Amino acid sequence: MTEPRDQKRADYVVAVQAPAYALSPTRFAIESAFAQHLRELRHAVGPLFERLVLVAPRLDDESYAAQRNHLGVVEYAADGIVFLPAHPVSCSRLGFWLHHALKTWHTARAAVSTARVVQSGMSTELGRPLMAMVNLAAWLARRPVVFMVDIDFRRHSWRYYKLGRWSLKSYIVNRFAYDPMKWIQVWLAPRMFSLVLLKSATLVKDFGGGRHNVKTFYDTAHSPGAVLDAQGLKQRLTWVAEPSRPLQIAFFGRLVEYKGLDRVIEAIRIARDRGADLRLLLIGAGDRLESLRRQVVECRLDDMVRFVPPVPYGAELFRLLDEVHVSVAAPLIEDTPRAAFDSMARGVPIVAFDITYFSDLERASGAVALARWPDPAALASQFEQLALDRPRLAAMCRRAVDFARDNTQDHWLQTRTRWMREFALSDSRMN
């Protein structure tokens, strides 16, 4: 193995499509949970690298002002992380190619020139292909790449069309033009790059071809301290087993359209009309909040559905989760929410639509009850069954805790670092 020529600037480069805002040459702001993830990643890769360099689109001043309360600040002096801005996140596709494509290419080349390893992934913003540019620059510079995909995109077009969100024309264009451009990136990755991490066992099976450098991973955020201990689990199992309690259901996260929360409320209405005793707790904020409130009133579910503003991750959220039996996930397109693991860490199993992520999670954990996508009546049936079968619910709670304990953020960062050492740092293509 040959090291990069400039030993003093051996960086771990991370390219993402999520935007950041430069506050100074050594400070930047980015979504708060991701800011913490970057710090944890920097700690995990440790002294092998001088810096972690983030390559990402840049927020404009107006967007930063609107979002600043939800952003975390990262500093080079404290965290060893720097931000290398790429194109403006607000630029149009035409504007990108007319004004920013060449600068973005130079940014990508500059980043990989000092890299020892590049962590990147699939370009989903095909009109602004920052990720593809970083991947190509790394491949040309013979730098090892850790290529990550966290969503199985292959049924997005069909789901949007089935839901009536897209016209037949939009479906055809996406299915036969854009989807193949994504597919080919994932097909090429195991053949071009050192390590490929896919957040789906199904993706690994379909694209890995048995290659040892293609792995399934979970992008979790919970710590060992967030997982119920033996005494807490014992108390929870006793509480869950009481058949006289209404089934308490929770959702926590962004109240946005693709989360399918209108279908969750409709499922509560269906189950109520069939005689089930349920309660729903919606924790969060988002642009669908008012429409969901109206739906609750129209369905006369005021006494069964409660809204709670967003709460910080930690003790306050855990207190709310400790008072529910199950959480619910009803995404209208493929989704990979970290909230699934936060839920299981508290012994709260999940009722979810049978998208790829939750189908894989059900097979791996045994703590997910699947409902046919995107049918509210199927969700209602799962709620009803769990309300009646408390022994099954208790068994799912136990399996949820066991699975969360085995899949903490610390575990996965260490695992990814081990794989990175094994496949990327030993890659003979480094120069």
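Going by the structure above, here's the rest.
## Quick look at the sheet that holds strand 12 (residues 278-283)
Working definition: the strands of a sheet are paired by backbone hydrogen bonds and lie parallel or antiparallel to each other. In space, the six strands of this open sheet follow the order 13-12-11-14-15-16, with parallel pairing throughout. The open sheet has two free edges, formed respectively by strand 13 (305-308) and strand 16 (368-371), since each of these has just one partner strand. This sheet shows a mean twist of 25° between the axes of neighbouring strands, independent of strand direction. Sheet analysis places strand 12 next to strand 13, joined by four bridges and oriented parallel. Paired with L280 across the strands is V305, a residue of strand 13.

## What about the packing of aromatic side chains?
A ring pair, where both rings are aromatic, is described by two values, the distance of the centres and the angle of the planes. In total, this model carries 16 aromatic pairs according to the counting rule given. Where F96 meets W97, the ring centres are 5.1 Å apart and the plane angle is 90°; that geometry is what we call edge-to-face. Aromatic side chains Y313 and F318 sit 5.4 Å apart centroid to centroid with 80° between the ring planes, which places their arrangement in the edge-to-face category. On the basis of relative accessibility, which here comes to 44%, the residue Y313 falls in the partly exposed class. Its relative accessible area of 12% is what places F318 among the buried residues. Grouping aromatic residues by their ring pairs yields a cluster made of Y218, F341, F403, W412 and W419. The ring of W187 is capped by R191, whose NZ or CZ atom sits 3.8 Å from the centre of that ring. Sitting over the ring of F318, R346 keeps its end group 4.5 Å from the ring centre.

## Describing the sheet that holds strand 9 (residues 195-198)
With respect to topology, seven strands assemble into an open sheet ordered 6-4-1-7-8-9-10, the strand pairing being parallel. A strand with exactly one partner marks an edge of an open sheet, and here the two such strands are strand 6 (81-88) and strand 10 (214-216). This sheet shows a mean twist of 20° between the axes of neighbouring strands, independent of strand direction. Packed onto the sheet, helix 4 (residues 93-113) meets strand 1 (11-15), strand 4 (52-58), strand 6 and strand 7 (115-121) and runs at close to 160° relative to strand 6. Most of the contacts of helix 17 (residues 409-424) go to strand 9, to which it runs at about 150°, and overall it touches strand 1, strand 7, strand 8 (145-149), strand 9 and strand 10.

## Let's talk about the nonpolar core
Grouped together as the largest cluster of nonpolar side chains are 99 residues, with contacts concentrated most on Y12, L54, F358, L361, L379, F383 and M420. Apart from residues no more than four positions distant in its own chain, L361 is found in contact with Y218, A340, F341, M344, G366, V368 and F403.

## Some points on the pattern of salt bridges
Under the counting rule described, the total for this entry stands at 22 salt bridges. R269 is the partner of D273 in a salt bridge, and the nearest nitrogen-oxygen pair spans 2.6 Å. Highlighted residues: D273 and R269, both in helix 10 (residues 261-273), separated by four residues, approximately one helical turn. Under the relative-accessibility criterion, D273 is labelled partly exposed at 49%. Judged by relative accessible area, which is 24%, R269 ranks as partly exposed. Put simply, D402 and R405 hold a salt bridge, and the shortest N to O gap is 3.2 Å.

How each quantity is defined
Residues numbered from 1 in each chain as written. Predicted model: local features only at pLDDT ≥ 70, side-chain atom pairs only at ≥ 80, totals over all residues. Heavy atoms only, no water. Pairing = 2+ DSSP bridges. Helix = DSSP H or I, 4+ residues; strand = E, 2+ residues; numbered from the N terminus. Axes fitted to C-alpha atoms, helices over the stretch in contact; angles between N-to-C directions. Phe/Tyr/Trp six-rings, centres within 6.5 Å; stacked < 30°, edge-to-face > 60°. Buried < 20%, exposed > 50% of the residue type's maximum accessible area, 1.4 Å probe, protein only. Lys NZ or Arg CZ within 6 Å of the ring centre and 35° of its normal. Contact = heavy atoms within 4.5 Å. Core = buried A, V, L, I, M, F, W, Y, C linked by side-chain atoms within 4.5 Å. Salt bridge = Lys/Arg side-chain N within 4 Å of Asp/Glu carboxyl O.

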